[in-house]
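Chain residues, written in single-letter form:
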Amino acid sequence: MDLQESRQRIAQALNDLTAFNATPGQGVTRFPFTEEARQASRYLKKLMEDLGLQVRLDNSGAVIGRLEGQVPETIMTGSHLDSVQNGGAYDGIAGVVTSIEALRLLLQREKRPHYSYEVIATNDEEGSRFSSGLFTGKVLLGQLSVEDIKGYKDAAGISVYEAMQAYGLQPEEIDQHVREDIRAFLEVHIEQGPILEMEQKSIGIVDAIVGMKRALITINGRADHSGTMPMQLRKDAMEVAAKVIAKIGDRARQYPPAVATVGNLSVEPNIVNIVPSRVKFCIDFRTTDAEIIKKMYQELLLDLDSCCQKYAMSYMAEETLWVEPVQLRPQLQEYIEESCRERGFSHMHLISGAGHDAQVFGAQLPAAMIFVPSIGGRSHCPEERTDPLALAMAAQVACDTLVKLDTRQKL
Ligand code: HGY
Ligand code: MN
Ligand code: MN
């Protein structure tokens, strides 16, 4: 089975999957618990069944294909099937398709492997719909409660709980299917940045994944006539939001390589001649040091305290995601590096500034990530591109890594 055959199969699947998209012609939008997600899940289920895997849709909305080995312990490989709004056709889904290809290659080399293997298409890794994220990993490891999923709401006020019900899942059982059998997690993913392309490397061996904190900030002001209410009597929610948001970027610059942004913001009543009564926005803070993330967040809260005190206003801060920075497993990295050397694939080590499913698993069990170059370093936009040949190379490296793990059983 050579590289070109794998490249062709991966390219075809990724092309087919772009059909399951809410914004055709404007990038890919495939939110969790939507019709697009259901259609993509059906397609992936067929791909996995064609490999002879036992396939199921689990209660987190993930698609899981299983190959029974000599022991029930499971080695899991995969990535996410959901996307951001108007995103690219590779983020997450390219890793899913490449992992399916890696398992196809594995099946050609090991009819009855030692471990059991699962390829997984996880759900709601992005958190784009509910401003949370890493959903399947948190469900599989028992990190979400019914109360949590009732609290995460989308722009229409629908909670994860209600979206699960509408999708045909059992939200009441959210913490009842915790997996104890997973021994390692391997994820293939596009880099989503410019490093591999700049350094002209085919494979990235990820050393660590940044920690992430997301929170929904609600600032409560008072609606007034924008022409008649004197400035000293106003309670302008937008003025307070603007003051605190303006400081977020420069604060992150004080703690390199920290990053911080506000990606979404809503205003009520959002009318040109009414002083805003309420502003909601989400923060996304990241870096490799958890203490720095916490420090940036504390400084934001102090800004909110002082601004709201000055204008006798109030605010709420609700954490929607916290995930620790994670170091990935050296032994798995060695298998990846050995495979790159054996195959003559150029490679380098790097840090992931993007969050990934692997970091939820990696906090509790051995995990590793294989990156492939993003053309122009672009991602989370319609221009996101990766060469399917790079993905085929990653499928070979991922397969080699799984075979080395299966035969040496050293983690
Ligand atoms: O937000 C991220 O870093 C990832 O794309 N979920
Ligand atoms: Mn991703
Ligand atoms: Mn993403």
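Residues numbered from 1 in each chain as written. Chains lettered and ligands numbered in written order. Predicted model: local features only at pLDDT ≥ 70, side-chain atom pairs only at ≥ 80, totals over all residues. Heavy atoms only, no water.

**With respect to the site of ligand 1**
- Around ligand 1, a shell composed of Asp91, Glu125, Glu126, Arg214, Arg286, Ala354, Gly355 and His380 is seen.
- Arg214 places a side-chain nitrogen or oxygen 2.9 Å from an oxygen atom of ligand 1.
- Separating an oxygen atom of ligand 1 from a side-chain N or O atom of His380 is a distance of 3.0 Å.
- Contact with the protein chains hides 95% of the accessible area of ligand 1, taken as 220 Å² for the molecule alone.
- Along the lines of polarity and charge, the residues of the shell around ligand 1 split into one nonpolar, two polar and five charged. (Near = heavy atom within 4 Å. Polar contact = N/O pair within 3.5 Å; in protein donor to acceptor, adjacent residues only side chain to side chain. Areas by Shrake-Rupley, 256 points an atom, 1.4 Å probe, with all protein chains shown as cover. Nonpolar A, V, L, I, M, F, W, Y, C, P; charged D, E, K, R; others polar.)

**Points about the coordination of the manganese ion (ligand 3)**
- Listed as protein donors to the manganese ion (ligand 3) are Asp91 (OD), Glu126 (OE), Glu126 (OE) and His380 (NE2); their distances from the metal cover 2.1 to 2.6 Å.
- Site description for the manganese ion (ligand 3): donor spacing in sequence, D-x34-E-x253-H.
- Here the manganese ion (ligand 3) and the manganese ion (ligand 2) are spaced 3.4 Å apart, with Asp91 acting as a shared donor. On the criterion of sequence distance, the pair formed by Glu126 in the loop between strand S4 (116-122) and helix H4 (135-140) and His380 in the loop between strand S13 (367-372) and helix H13 (388-408) is long-range, its members being 254 residues apart.
- Given a relative accessible area of 7%, Glu126 falls into the buried group.
- What makes His380 partly exposed here is its relative accessible area of 41%. (Donors = N, O, S within 2.8 Å, 3.2 Å for Na, K, Ca; no water. Helix = DSSP H or I, 4+ residues; strand = E, 2+ residues; numbered from the N terminus. Buried < 20%, exposed > 50% of the residue type's maximum accessible area, 1.4 Å probe, protein only.)

**Describing the side chain of Arg129**
- Following the sequence through the fold, Arg129 ends up in the loop between S4 and H4.
- Look at Arg129 and you get buried, because its relative accessible area is 15%.

**Structural notes on the coordination of the manganese ion (ligand 2)**
- Coordination of the manganese ion (ligand 2) by the protein involves His80 (NE2), Asp91 (OD) and His189 (NE2), with metal-donor separations of 2.1 to 2.3 Å.
- In the primary sequence, the donor residues of the manganese ion (ligand 2) line up as H-x10-D-x97-H.

**A few points about the nonpolar core**
- Phe33, Leu44, Leu53, Phe135 and Ile370 are the most contacted members of the largest nonpolar core, which has 74 residues in total.
- It is H13 that contributes the most residues to this core, twelve residues altogether.
- The next biggest cluster of nonpolar side chains, apart from the first, holds 29 residues, and it includes Val240, Val267, Met296 and Trp322. (Core = buried A, V, L, I, M, F, W, Y, C linked by side-chain atoms within 4.5 Å.)

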